[in-house]
Amino acid sequence: MTSRMPRRAFVAGATAATFAAPAVLRAAEPIKIRCSLDTAPSHPRNVAIVDYLAKLEKASNGEIKGEVFHSGQLFADLNVSKALLQGQVEMAVPGTWVVTGLVPDADLVGLPYFYGVPIELTHKATAGKPGAYVNQQLAGKLKSQVLGTWLDLGYNNWYSTKTPLTAFDSLKNLKIRSSGGAANSWRIKFAGGIANTTAWPNVPLSLSQGTFDALISSDESINSAKLWEAGVKFSYVDNQFLAQYIPMVSNACWEKLSKAHQTLMTDLWASNIAAYDKGSVDSQARARGILEKNGVKFHDASASELSTTRTAIIGSMDQLIKDAKLSPEIVKLVKDAV
């Protein structure tokens, strides 16, 4: 004898299955990671992060899906730390200089030990114990996970519009834009300039309007924003510090990931960071050639010029440490590392 399900029970079961289906679909949806950057798509940071998130999506079989918002579409870097803290964005890669308001020790590369020296010396600190000490503070203050080794942008130098830069003294009395951080402002004042902080997306207009006469930046940043069109004509190359970006994911996002996905993200970053850093070096070299073709005149500081300036800055280092609010711990860690 064949048993039959009562019609009422059948309908109830079908209805329940229908209502359950959306929940199943939602569970299968990928975890979305929005990354806020305030530089242009051609900038080496943007290129690296787009590549990283594409690799992450592939390696996770589509279970994690990233999207990069370029040119400050979501937040300027000066504001992205707050966005991370409040869970308004899942990922950001801000420069060390813009997180110093919450973690002053992130200004460690502003110490004169790193003025005009090879990249490898900076890496000893930022990829070693000093960098780890800063990462620990960032994790607590920004409620975020640092993915790993910091991403190189390249050396920062001086650029001006009307004033030829043929020596460190050429910077006296200029209004100079700083990207942020007490160490940058201190260095501008040490050079005899007047510090101005302007968010990067606003730099081209402000520069063309004469809000400031010069700025601290890198060849690639000047190139990606085509700042020769806004009046940049001169550069004093002293490799004053290696600009680096810190890759961070908000805890609100990180805690949604499985342990396997968390490990995938950190391992994937570790396996690609060397290539990304090399990409930045190559990008900076290409950018200088483009700037020269567009009329920017460079003065490369000699070894003796660098030595003289470095000695003078070291002589005033105590004031820099005080102004930048660097902790005794970070100063000691840097000394031990370099």
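Up top is the structure.
Read on for an overview of the structure. (Residues numbered from 1 in each chain as written. Predicted model: local features only at pLDDT ≥ 70, side-chain atom pairs only at ≥ 80, totals over all residues. Heavy atoms only, no water.)

### What about the packing of helix α2 (residues 44-59) against helix α10 (residues 259-293)?
Okay, step 1: Packing of α2 against α10 leaves a shortest axis separation of 10 Å and a crossing angle of 150°. Relative to α10, α2 is oriented roughly antiparallel. Taken as a pair, α2 and α10 cross one another with a handedness that is right-handed. Contacts from Pro44, Ala48, Ile49, Asp51, Tyr52, Lys55, Leu56 and Ala59 of α2 reach α10 at Leu264, Met265, Leu268, Trp269, Asn272, Tyr276, Ser280 and Ser283.
Okay, step 2: Residues belonging to the contact of α2 with α10 are distributed by class as follows: 11 nonpolar, three polar and two charged. (Axes fitted to C-alpha atoms, helices over the stretch in contact; angles between N-to-C directions. Helix = DSSP H or I, 4+ residues; strand = E, 2+ residues; numbered from the N terminus. Parallel < 35°, antiparallel > 145°, perpendicular 65-115°, else oblique. Left-handed = near helix turned anticlockwise from the far one by under 90°. Contact = heavy atoms within 4.5 Å. Nonpolar A, V, L, I, M, F, W, Y, C, P; charged D, E, K, R; others polar.)

### Focus on helix α5 (residues 129-141)
Okay, step 1: If you check α5, its first and last C-alpha atoms are 19 Å apart, about what 13 residues at 1.5 Å a residue would give, namely 18 Å.
Okay, step 2: Buried residues along α5 sit against α4 (119-126), β4 (144-146), β10 (248-250) and α13 (328-337).
Okay, step 3: Immediately downstream of α5, the backbone of Lys143 shows phi near 50°, a positive value. (Expected span 1.5 Å × (residues − 1).)

### Here's the deal with the packing of aromatic side chains
Okay, step 1: For the structure shown, the criterion picks out seven aromatic pairs.
Okay, step 2: For the ring pair Trp158 and Phe168, a centre distance of 6.1 Å and an interplane angle of 80° mean the geometry is edge-to-face. Of this pair, Trp158 sits in strand β5 (residues 151-160) while Phe168 sits in the loop between β5 and β6 (175-178), placing them 10 residues apart in sequence.
Okay, step 3: Residue classification places Phe168 among the buried positions, given a relative accessible area of 11%.
Okay, step 4: By way of ring pairs, the aromatic residues Trp158, Phe168, Trp186 and Phe190 are connected into one cluster.
Okay, step 5: When the ring centre of Tyr245 is taken as origin, the NZ or CZ atom of Arg45, which lies over that ring, is 4.2 Å away.
Okay, step 6: In this structure, Arg288 is placed above the aromatic ring of Phe298, and the distance from its NZ or CZ to the ring centre is 4.2 Å. (Phe/Tyr/Trp six-rings, centres within 6.5 Å; stacked < 30°, edge-to-face > 60°. Buried < 20%, exposed > 50% of the residue type's maximum accessible area, 1.4 Å probe, protein only. Lys NZ or Arg CZ within 6 Å of the ring centre and 35° of its normal.)

### Quick notes on the nonpolar core
Okay, step 1: Among the nonpolar cores identified, the biggest contains 78 residues, and Ile49, Tyr52, Met91, Leu108, Leu138, Trp158 and Met265 are the most heavily contacted of them.
Okay, step 2: If you look at the next biggest cluster of nonpolar residues, it comprises 15 residues, including Tyr159, Trp200, Ala230 and Val237. (Core = buried A, V, L, I, M, F, W, Y, C linked by side-chain atoms within 4.5 Å.)

### Thoughts on the pattern of salt bridges
Okay, step 1: All told, the structure shown has nine salt bridges when counted by the stated rule.
Okay, step 2: Between Arg34 and Glu90 there is a salt bridge, with the nearest N and O atoms lying 2.8 Å from each other. With Arg34 in strand β1 (residues 31-36) and Glu90 in the loop between α3 (77-85) and β3 (91-92), this pair connects stretches of sequence that are 56 residues apart.
Okay, step 3: With a relative accessible area of 15%, Glu90 lands in the buried category.
Okay, step 4: Sharing partners across several salt bridges, the network here consists of Asp38, Arg45 and Asp77. (Salt bridge = Lys/Arg side-chain N within 4 Å of Asp/Glu carboxyl O.)

### Structural notes on the pairing of strand β2 (residues 64-69)
Okay, step 1: One ladder, built from six bridges, connects β1 with β2; its direction is parallel. The residue bridging Ser36 from the neighbouring strand is Phe69, located in β2. (Pairing = 2+ DSSP bridges.)

### Focus: the sheet that holds strand β7 (residues 194-197)
Pairing between sheet strands relies on hydrogen bonds along the backbone, with the strands arranged either parallel or antiparallel.
Okay, step 1: Read from one edge of the open sheet, six strands run β7-β6-β8-β5-β9-β11, paired in mixed fashion. With one partner strand each, in any of the chains shown, β7 and β11 (297-300) form the two edges of the open sheet. Adjacent strand axes in the sheet meet at a mean angle of 35° when their direction is disregarded.
Okay, step 2: As defined by bridge partners, β5 adjoins strand β9 (residues 234-245) across eight bridges and the pair is classed as antiparallel. Within β9, the position partnered with Gly154 by the bridge is Ala243.

### Points about the pairing of strand β8 (residues 214-217)
Okay, step 1: Side chains of β8 alternate between two faces, with Ala214 and Ile216 and Leu215 and Ser217 buried alike.
Okay, step 2: Direction of pairing for β5 relative to β8: antiparallel, over a ladder of four bridges. Bridge pairing links Asn157 to Ser217 in β8.
Okay, step 3: In this structure, β6 lies alongside β8, joined through two bridges in parallel fashion. Looking at β8, one finds that Arg177 is bridged to Leu215.

### A look at unusual backbone geometry
Okay, step 1: Even without being a glycine, Asn61 presents a positive backbone phi close to 55°.
Okay, step 2: Turning to its location among the elements, Asn61 is positioned in the loop between α2 and β2.
Okay, step 3: Here Asn173, not a glycine, exhibits a phi torsion of approximately 70°, which is positive.
Okay, step 4: Mapped onto the elements, Asn173 comes out in the loop between β5 and β6.

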